[in-house]
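Each chain is listed here by its residues.
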Amino acid sequence: MCIRDRDAGVGAVSNAMLVDALGPNKVVQIQYGSVSKMLSWNGTDRYMADRTAAIDSMMMDYKRGRVIFGKLKQMKLAITDILAAYEEVTKQGQGRRVWNCFPATPDDELHAQVFGRLAMQIATGQVAFYPMSA
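Residues numbered from 1 in each chain as written. Predicted model: local features only at pLDDT ≥ 70, side-chain atom pairs only at ≥ 80, totals over all residues. Heavy atoms only, no water.

Student: Would you take a moment to explain the packing of aromatic side chains for this structure?
Tutor: Any pair of aromatic rings gets described here by the distance separating the centres and the angle formed by the planes. Counting across every chain of the model gives four aromatic pairs. Seen from their ring centres, Tyr62 and Phe69 are 5.9 Å apart, and the 35° between their planes marks the pair as tilted. Taking relative accessible area as the criterion, Phe69 reaches 30% and is therefore assigned partly exposed. Measuring from centroid to centroid gives 4.8 Å for Tyr86 and Phe102, while their planes differ by 35°, and the two rings are tilted. With Tyr86 in strand E4 (residues 85-89) and Phe102 in the loop between strand E5 (97-101) and helix H4 (108-123), this pair connects stretches of sequence that are 16 residues apart. Assessed through its relative accessible area of 42%, Phe102 is described here as partly exposed. Seen from the ring of Tyr32, Arg51 lies directly overhead, with NZ or CZ sitting 5.4 Å from the centre. (Phe/Tyr/Trp six-rings, centres within 6.5 Å; stacked < 30°, edge-to-face > 60°. Buried < 20%, exposed > 50% of the residue type's maximum accessible area, 1.4 Å probe, protein only. Helix = DSSP H or I, 4+ residues; strand = E, 2+ residues; numbered from the N terminus. Lys NZ or Arg CZ within 6 Å of the ring centre and 35° of its normal.)

Student: Would you take a moment to explain helix H3 (residues 72-83) for this structure?
Tutor: A turn of α-helix holds 3.6 residues, and therefore any two residues three or four places apart point the same way. Look at H3: only 14 Å from first C-alpha to last across 12 residues, short of the 16 Å you get at 1.5 Å a residue. Of the positions making up H3, those classed as buried are Met75, Ala78, Asp81 and Ile82. On an axial view of H3, the arc spanned by its buried residues comes to 105°, and they lie on one face. Projecting away from the buried face of H3 at angles above 90 degrees are the exposed residues Leu72, Lys73, Lys76, Leu77 and Leu83. (Expected span 1.5 Å × (residues − 1). Arc of directions from axis to C-beta.)

Student: Where do I start with the confidence of the model for the chain in this structure?
Tutor: Note: predicted coordinates in regions of low pLDDT should not be interpreted at a detailed level. A residue-level look at the chain finds 87% of positions with pLDDT of 70 or above and a mean pLDDT of 82. The low-confidence segment residues 1-7 (pLDDT under 50) makes 22 contacts with residues lying over four places distant or belonging to another chain. (pLDDT = per-residue confidence, 0-100. Contact = heavy atoms within 4.5 Å.)

Student: How do you make sense of the nonpolar core when you look at a structure like this?
Tutor: Where a protein is soluble and globular, its nonpolar side chains tend to be buried together. Core analysis: the largest hydrophobic core is formed by 11 residues, namely Tyr32, Ala54, Ile55, Met58, Met59, Tyr62, Ile82, Ala85, Trp99, Leu110 and Val114. Within the residue set of this core, elements represented by two or more residues are helix H2 (51-63) and H4. Per element, the largest residue contribution to this core is five residues, and it comes from H2. In this view, Ile55 contacts Tyr32, Trp99, Leu110, His111 and Val114; residues no more than four positions away in its chain are not counted. Leu39, Ala49, Ile122 and Val127 belong to the second-largest nonpolar core, a separate cluster that totals six residues. (Core = buried A, V, L, I, M, F, W, Y, C linked by side-chain atoms within 4.5 Å.)

Student: Just checking my understanding: could you explain the sheet that holds strand E1 (residues 30-33) for this structure?
Tutor: Strands sit in the order E1-E3-E2 across an open sheet of three strands; the sheet is mixed. The outermost strands of the open sheet, each flanked by one partner alone, are E1 and strand E2 (39-41). Neighbour to neighbour, the strand axes of the sheet diverge by 35° on average, direction disregarded. When E1 meets strand E3 (residues 47-50), the two strands line up parallel, connected through four bridges. Across the sheet, the residue bridging to Ile30 is Tyr47, located in E3. Packing of H2 onto the sheet brings it into contact with E1 and E3, and relative to E3 it is tilted by some 60°. (Pairing = 2+ DSSP bridges. Axes fitted to C-alpha atoms, helices over the stretch in contact; angles between N-to-C directions.)

Below, the structure written as structure tokens:
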């Protein structure tokens, strides 16, 4: 399934179950959106990550050789998922750049790597991350 801004509906129940099971200090929800910063708190229950910026950043890591993959035979499915994504410019308004994917083609591996990369950046302080207020 191609992930777009409807992610909150698909993962909301699973995320809530993880928070209940592990506690809010162990699980933090992050949702794609169109926000001004790479990562920001929505004021209620989750952080918002700018979808285009997060995917752009991951794609630049691929381009610069910062991601090491296993043998093609082992990685073929993952690479196919990543290559399902493509950049396009919207027709509305001033036309902004977005990432899309081919219909009925999974791009789950790309998003798993984007969220994993974002978690690593948060843990290492590469992305400003401010815990929600009590």
